[in-house]
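Observations on chain architecture
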Amino acid sequence: MTKPSISLTELAEKGSDVDVLREMIQYVAQRLMDMDVEGRCSAGYGERSPDRVNSRNGYRERSWDTRSGTVDLRIPKLRQGSYFPEFLEPRRTAEKALTAVIQEAYIQGVSTRSVDTLVQSMGMTGISKSQVSRLCGEIDERVQAFLNRPIEGDWPYLWIDATYVKVREAGRIVSVAVIIAVAVNTDGVREVLGMAVGASEAEPFWTEFLRSLTRRGLRGVKLVISDSHEGIKAAIPKVLKASWQRCRVHFLRNALAHATKGQRQMVRALISTIFAQETPEAASKQWRLVADQLREKFPKLAKLMDDAETEVLAYMSFPSAHRKQINSTNPLERLNAEVKRRTRVVGIFPNDPAIVRLVGALLLEQNDEWQLQRRYMQLEGLQSLSGNPQTRLSAVVD
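Description of the structure in this document. (Residues numbered from 1 in each chain as written. Predicted model: local features only at pLDDT ≥ 70, side-chain atom pairs only at ≥ 80, totals over all residues. Heavy atoms only, no water.)

Considering the overall build of the chain
Note the following rule: Every helix listed is a DSSP run of H or I at least four residues long, and every strand listed is a run of E at least two residues long, numbered separately from the N terminus. Accessible area is worked out with a 1.4 Å probe on protein chains only. A residue is then buried under 20% of its type maximum, exposed over 50%, and partly exposed in between. Only heavy atoms matter for contacts: two residues are in contact if any of them lie within 4.5 Å across the pair. A 1.4 Å probe and the Shrake-Rupley method give the accessible areas. Residues count as covered only by the protein chains that appear here.
Of the regular secondary structure elements, the chain holds 14 helices and eight strands. In the chain, which comprises 398 residues, the share counted as buried stands at 46%. Within the chain, contacts between residues separated by at least 24 positions form 64% of all contacts whose residues are at least 6 apart in sequence. Accessible surface, the chain as shown: approximately 20900 Å² in total, 49% of it carbon and sulfur.

Have a look at this one:
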């Protein structure tokens, strides 16, 4: 292995132009990451050591914008856990987007008292409309490139959900739906596929959103996971030839609403026996047994179960290794919670583009973080769900 000092000497001999400075920055940053990863692994690259607690798993390419220009880095990947160097500031775009939205609200005179306080504390009262416009344009370019990128490959599992934010529209404050789609491809990798803003979750809105995903290349969807909103249910069969999974968590909340507070623990325990079954046949049999047990005392709950059996147990027809992740919208709920946390800072958005700017930036950076983590879903069974099965060779990494 080449000694670091030799590489540094070679760089110094090249001269004093800008390219050399950029290469020096690249070299130092790469060495810092290598040393950081060595510390996390408790062993050097390729070193056999009884103290080793982790090992490398290749690299991920990443561009880093510096004052000396763009530097191409190779970020080490770990077999266990994820690694991202602190100096790359993974949240930078989202923070810029938040700042831009707050500035725009302030400039347009539609900010709330909390936004006014933030503007004062951040020292942005002297910001001009042209400066805000320029900053928004920079962020919008990145966000739109992300939200409109081509979708390649097969995506067997698709989660879709909506959250609501407030916006000023024609002098009124109204709530609008922000819908988000997340999917897993046949490599087990999870990505944010898209988002849209609309007046409500009506069927035409959902239909157009799903069609926009297919126009960008979405294919191979076998299961769509969502809540039981009528708009979603009507849109899915119009656009996708896929099964529909009603979120198990949402269903349980609906079921418990038919029982008193003192009865809910018993009802929850009975329904949980259904989800403990290992085969679709056993789960269906147990479902009907529980429904019959509850029928006399909870007729409305029993009727709910009679109507919902197929849609709540749809996930049982898919590989058992995936069932924990595909039985509910929990993976998307956590993402929605982060969106709500960030949008709460703004309170009331000045317009729809401001919503897309902030939420889109959050989704972009969350997507980047997911790419640095281990695959979200086991490969077992994923290729069987693909319309284009491929033979894969395992990679050997030192």
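Once the structure has been displayed, the description carries forward.
So, the pattern of salt bridges
As a reminder, the rule being used: Salt bridges are defined as contacts in which a side-chain nitrogen from Lys or Arg sits within 4 Å of a carboxyl oxygen from Asp or Glu.
Tallying each qualifying case throughout the model produces 15 salt bridges. For the salt bridge of Asp34 with Arg56, the shortest nitrogen-to-oxygen distance reads 3.4 Å. Here Asp34, found in helix α2 (residues 18-41), pairs with Arg56, found in strand β1 (residues 56-66); they are 22 residues apart in sequence, far enough to count as distant. Overall, Asp34 belongs to the buried group, its relative accessible area being 12%.

Observations concerning the pairing of strand β7 (residues 243-246)
Note the cut-off: DSSP calls a pair of strands paired once it identifies at least 2 bridges connecting them. Here a crossover is taken to be right-handed if, once the strands point away from the viewer, the path from the first strand over the helix to the second is traced clockwise.
Bridge count for strand β6 (residues 223-226) against β7 is four bridges, and the pairing is parallel. The residue bridging Val224 from the neighbouring strand is Trp244, located in β7. Chirality of the crossover, the property in question, places the unit of β6, helix α7 (residues 230-239) and β7 among those that are right-handed.

Overview of the nonpolar core
We count it as follows: What makes a nonpolar core is a set of buried Ala, Val, Leu, Ile, Met, Phe, Trp, Tyr and Cys residues whose side-chain atoms join them at distances within 4.5 Å.
Of all hydrophobic cores here, the largest spans 63 residues; its most connected members are Tyr157, Trp159, Ile180, Trp287, Met305 and Ile326. When residues of this core are assigned to their parent elements, the largest contribution, ten residues, is made by helix α14 (residues 352-372). Filtering out sequence-adjacent residues up to four positions away, Ile326 remains in contact with Tyr157, Trp159, Leu223, Ile225, Gln245, Tyr315, Phe318 and Met377. Counting 24 residues, the second largest nonpolar core, distinct from the first, contains Ala183, Ala196, Leu240 and Trp244.

Side note on helix α11 (residues 299-312)
What counts here: By definition here, a helix of n residues has an expected span of 1.5 Å times n minus one. The quantity called bend is, for any residue, the angle between two axes fitted respectively to the seven residues ending at it and the seven beginning at it.
Relative to the 20 Å expected for 14 residues at 1.5 Å per residue, α11 spans 19 Å between its end C-alpha atoms, a close match to the ideal helical length. When the local axis directions of α11 are compared, the greatest deviation, roughly 40°, occurs at Asp306. Turning to α11, the residues buried within the fold contact β7, α8 (248-256), α9 (264-275) and α10 (280-295).

Here we look at the environment of Leu301
Within the secondary structure layout, Leu301 lies in helix α11. Apart from residues no more than four positions distant in its own chain, Leu301 is found in contact with Ala255, His258, Val267 and Leu294.

With respect to the packing of aromatic side chains
Applicable threshold: Between rings of Phe, Tyr and Trp, where Trp is taken as its six-membered ring, a pair exists when centres lie within 6.5 Å; planes separated by under 30 degrees are stacked, by over 60 edge-to-face, and by other angles tilted. Criterion for a charge above a ring: Arg CZ or Lys NZ at most 6 Å from the ring centre, at most 35 degrees from the ring normal.
In the structure shown here, the tally under the stated rule is four aromatic pairs. Arranged with centres 6.2 Å apart and planes meeting at 75°, the rings of Trp206 and Phe209 form a pair that is edge-to-face. Of this pair, Trp206 and Phe209 both sit in helix α6 (residues 203-215), three residues apart, roughly one helical turn. Its relative accessible area of 4% is what places Phe209 among the buried residues. One residue, Arg74, lies across the ring of Tyr59, its end atom 3.9 Å from the ring centre. Sitting over the face of the ring of Phe275, Arg248 holds its NZ or CZ atom 4.2 Å from the ring centroid.

Describing the side chain of Asp227
This is how the line gets drawn: Positive charges come from Lys and Arg, negative ones from Asp and Glu, while His and the chain ends are left out of the count. Pairing of N or O atoms within 3.5 Å defines a polar contact, subject to two protein rules: one partner must be a possible hydrogen donor and the other a possible acceptor, and residues neighboring in sequence count only if both atoms are side-chain atoms.
Within the secondary structure layout, Asp227 lies in the loop between β6 and α7. Among buried Asp, Glu, Lys and Arg side chains, Asp227 stands out as unpaired, with Arg246 the closest opposite charge at 8.2 Å. A polar atom in the side chain of Asp227 sits 3.1 Å from the backbone nitrogen of His229. Leave out the neighbours within four places in its chain, and Asp227 touches Asp161, Ile232, Trp244, Cys247, His250 and Thr329.

What about the pairing of strand β3 (residues 157-169)?
Strand direction decides the pairing type here: β3 and strand β4 (residues 172-184), joined by 13 bridges, are antiparallel. Paired with Val165 across the strands is Val176, a residue of β4. Alignment of β3 against β6, held across three bridges, turns out to be parallel. Across the sheet, the residue bridging to Tyr157 is Leu223, located in β6. Looking at chain direction, β3 and strand β8 (residues 348-349) are connected through two bridges and run parallel. Note on β8: the bridge partner recorded for Val167 is Phe349.

Regarding α14
With 21 residues, α14 should cover 30 Å at 1.5 Å per step; its first-to-last C-alpha distance of 31 Å lies within 8% of that length. Extensive coverage of α14 is indicated by the burial of 17 of its 21 residues. The N-cap residue of α14 is Asn351: its side-chain oxygen and the backbone nitrogen of Ala354 are 2.9 Å apart.

Digging into the packing of α6 against α7
Formally: Axes, fitted as lines to C-alpha atoms, cover a helix only where it is in contact. Angles between the N-to-C directions of the axes lie from 0 to 180 degrees. Each crossing is labelled by how the near helix is turned from the far one, with a counterclockwise turn of less than a right angle marking it left-handed and a clockwise turn marking it right-handed.
Interaxial distance between α6 and α7 falls to 8 Å at its minimum, and their mutual angle equals 40°. Considering the relative orientation of α6 and α7, their crossing is right-handed. Here Glu203, Trp206, Thr207, Leu210, Arg211 and Thr214 of α6 come into contact with α7, specifically with Gly231, Ile232, Ala234, Ala235, Ile236, Lys238 and Val239.

A word on unusual backbone geometry
Backbone geometry at Ser42 places phi at a positive 60°, although glycine is not the residue there. Along the chain, Ser42 turns up in the loop between α2 and β1. Residue Ala170 is not a glycine yet carries a positive backbone phi of 55°.

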